[in-house]
Amino acid sequence: YSPEEKTLLEIIRDPGLNQKIENLERNSHYHLEIQHPKYKNILVQITHQSSLGTILFFRDITENRKLEMIRKDFVANVSHELRTPVSIIRANSETLMSGGLADKEYSQTSLEGIFRNAVRMSSILEDLLEISKIEAGKYHIVKKNTRLLPIINRAFDSLLGYAEKRITRQCSVNDNFSLFADEKALERILTNLLDNAVKYSPFDGMITITADEKDGKSLITIADHGHGISKIHSERIFERFYRVDVGRSRDQGGTGLGLSIVKNLSELMSGSVHHEPNSPQGSIFVITLPTQ
Ligand code: ADP
C-alpha cells in the first residue's frame, strides 16, 4: 500500500524508532526487529538534514547477525567442551603434586583420569581441526571411480576391533560396487557413521550396510537397531555439538562433531546425508553421492 499521507508509526509499528527520529540527533542508528511475515533484523541509519528532512536507510543484517550468533555459540561450545577435561587434568595433577604420589593406588587412578581426559581433548581438537579445514576450503577432494567394499573394511578396521566385540556386521555390498568419490573423505564418513552405529547399539546388536544405485545416484545406508533418534532431534543432529543425550555421548567418548563432519564432507562431494528411523527401532543413515 502507499505510505503517502501516513505517519511513520502507521507504516512501521515501532515506537522506539519513532522516538529515535523525534530526538533529532544529527546521525544515529536503530536496530529494528520484524517478526512477520518472516523474522528480519534491520539496521536503520537515521540522518537529519535541514533541507531534505529525515532520511532513513534500511539495511537487512539478518544473515550477518545469524553468522555472528553461530560464531559466538561455537566459541562458547568449544570452551564448555574443553572446560571439564581441563579441570579434571588440573585437579588430578595438583593432588599428585601435593603428596598424592605417595599413595600408589590413588596415583594410578589419578593418572588414568589424566590420560582419559587428555585423549578426550585431543579427539575434540582433531575433530575441530578437521571441520575448520573443510570450512576454510582447505580439504582437497579428488573424486574418482572407487570400489566401496575395501573402504568399508578399512573404516571397520579403524574402529580398532572394538566393533567386532560388540556387534555383528551384515554387509550386503557387492565386491565390484563402485562409486565416484574421494576415498579419504568417504572413509572418514563411513568411520564416523559406523562408530556411531556401534556406540549407540546394544551389545550383540546388528549393523547392516547396503549400497545401491537409484536415479543416477549412489546410495549407501548404515542401519542399526539401537535406541534410535526421535523426529524432533533428527533434523538437528548434524549441527556441531548437538547431542540427543549429552551424558551418553560423553560416556562413549563422543565429541558431538562426528555427524557435522559427515555432512560437511558429503556436501563437499556434491552429495548429502540424512537420517531415517529403522524398524522396529534404531537408525538408518543414508549417504547420497553422484555416480559421476
Ligand atoms: P557424538 O560424538 O556425540 O556421537 P555425533 O555428531 O556423531 O556426536 O552425533 C550427534 C548425536 O546424534 C549423538 O550424540 C547421538 O545423540 C545421536 N546419534 C548419532 N548417531 C546415532 C545412532 N546411530 N543412534 C542413535 N543416536 C545417534
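Residues numbered from 1 in each chain as written. Predicted model: local features only at pLDDT ≥ 70, side-chain atom pairs only at ≥ 80, totals over all residues. Heavy atoms only, no water.

1. What about the overall build of the protein chain?
So, step 1. Across its full length, the protein chain holds ten helices and ten strands.
So, step 2. Expected size for 292 residues packed as a compact globule is a radius of gyration near 19 Å; at 27 Å, the protein chain overshoots this value by more than 25%.
So, step 3. Dimensions of the protein chain along its principal axes, counting C-alpha atoms only, are 80 × 65 × 40 Å.
So, step 4. For the protein chain, the residues scored as buried account for 39% of the 292 residues in total.
So, step 5. A fraction of 60% describes how many contacts in the protein chain between residues 6 or more apart in sequence connect residues 24 or more apart.
So, step 6. Carbon and sulfur atoms form 54% of the exposed surface of the protein chain, whose accessible area is close to 17800 Å². (Helix = DSSP H or I, 4+ residues; strand = E, 2+ residues; numbered from the N terminus. Rg over C-alpha atoms; globule rule 2.2 N^0.38 Å. Buried < 20%, exposed > 50% of the residue type's maximum accessible area, 1.4 Å probe, protein only. Contact = heavy atoms within 4.5 Å. Areas by Shrake-Rupley, 256 points an atom, 1.4 Å probe, with all protein chains shown as cover.)

2. A few points about the sheet that holds strand S3 (residues 53–60)
So, step 1. Strand order in the open sheet made by the three strands is S1-S2-S3, with antiparallel pairing throughout. The open sheet has two edge strands, strand S1 (27–34) and S3, and neither has a second partner. Adjacent strand axes in the sheet meet at a mean angle of 25°, parallel and antiparallel pairs treated alike.
So, step 2. Pairing of strand S2 (residues 40–49) with S3, which is carried by eight bridges, proceeds in the antiparallel orientation. Across the sheet, valine 44 pairs through a bridge with phenylalanine 58, a residue of S3. (Pairing = 2+ DSSP bridges. Axes fitted to C-alpha atoms, helices over the stretch in contact; angles between N-to-C directions.)

3. Thoughts on the side chain of threonine 191
So, step 1. Within the secondary structure layout, threonine 191 lies in helix H7 (residues 183–199).
So, step 2. Those residues within four positions of threonine 191 in sequence are excluded, and the remaining contacts are Ala155, Ser158 and Leu159.

4. Points about the site of the ligand
So, step 1. Lining the immediate surroundings of the ligand are 21 residues, of which Asn196, Tyr200, Ser249, Thr255 and Gly256 lie closest.
So, step 2. In this structure, an oxygen atom belonging to the ligand sits 2.8 Å away from a side-chain N or O atom of asparagine 196.
So, step 3. About the coverage of the ligand: the protein hides 98% of its 530 Å² of free accessible area.
So, step 4. Of all the secondary structure elements, the ones that give two or more residues to the shell around the ligand are H7, helix H10 (258–268) and strand S10 (283–290).
So, step 5. Taken together, the residues of the shell around the ligand break down into eight nonpolar, nine polar and four charged. (Near = heavy atom within 4 Å. Polar contact = N/O pair within 3.5 Å; in protein donor to acceptor, adjacent residues only side chain to side chain. Nonpolar A, V, L, I, M, F, W, Y, C, P; charged D, E, K, R; others polar.)

5. Observations regarding the packing of aromatic side chains
Given two aromatic rings, their pairing is described by the distance between the two centres and the angle made by the two planes.
So, step 1. Evaluated as defined, the whole model comprises two aromatic pairs.
So, step 2. Relative to phenylalanine 241, the ring of phenylalanine 74 has its centre 6.2 Å away and its plane inclined at 35°; by these criteria the two rings are tilted. Of the two residues, phenylalanine 74 is situated in helix H3 (residues 62–97) and phenylalanine 241 in the loop between helix H8 (231–234) and helix H9 (246–251); the sequence distance between them amounts to 167 residues.
So, step 3. Of the residues examined, phenylalanine 241 reaches a relative accessible area of 9% and is grouped as buried.
So, step 4. Geometrically, the ring pair formed by phenylalanine 238 and phenylalanine 285 is edge-to-face, given 6.3 Å between the ring centres and 80° between the ring planes. (Phe/Tyr/Trp six-rings, centres within 6.5 Å; stacked < 30°, edge-to-face > 60°.)

6. Regarding the nonpolar core
So, step 1. Residues Leu148, Leu186 and Leu190 are the most contacted members of the largest nonpolar core, which totals 48 residues.
So, step 2. It is H7 that provides the largest number of residues to this core, a total of eight residues.
So, step 3. The residues touching leucine 148, leaving out its near neighbours within four places in the chain, are Val173, Phe177, Ser178, Leu179, Leu186, Leu190, Ala211 and Ile220.
So, step 4. Among the nonpolar cores identified, the runner-up in size contains eight residues, and Ile12, Leu17, Ile42 and Ile46 belong to it. (Core = buried A, V, L, I, M, F, W, Y, C linked by side-chain atoms within 4.5 Å.)

7. Re the pattern of salt bridges
So, step 1. Counted by the stated rule, this structure contains 15 salt bridges.
So, step 2. Here lysine 40 makes a salt bridge to aspartate 60, at a shortest N to O gap of 3.2 Å. Of the two residues, lysine 40 is situated in strand S2 and aspartate 60 in strand S3; the sequence distance between them amounts to 20 residues.
So, step 3. Lysine 40 gets classed as partly exposed once you look at its relative accessible area, which sits at 28%.
So, step 4. One salt bridge connects arginine 120 with glutamate 81, and the closest N-O pair in it is separated by 3.5 Å. (Salt bridge = Lys/Arg side-chain N within 4 Å of Asp/Glu carboxyl O.)

8. Remarks on the sheet that holds strand S7 (residues 205–214)
So, step 1. Strand order in this open sheet of five strands is S5-S7-S8-S10-S9, and the pairing throughout is mixed. Each having just a single partner strand, strand S5 (167–171) and strand S9 (272–277) make up the two edges of the open sheet. Across the sheet, the mean angle separating the axes of adjacent strands is 20° when strand polarity is ignored.
So, step 2. Direction of pairing for S7 relative to strand S8 (residues 217–223): antiparallel, over a ladder of seven bridges. Bridging across to S8, glutamate 213 finds its partner in serine 218.
So, step 3. Of the strands in this sheet, S5, S7, S8 and S10 touch H7, which is tilted by about 25° from S8.

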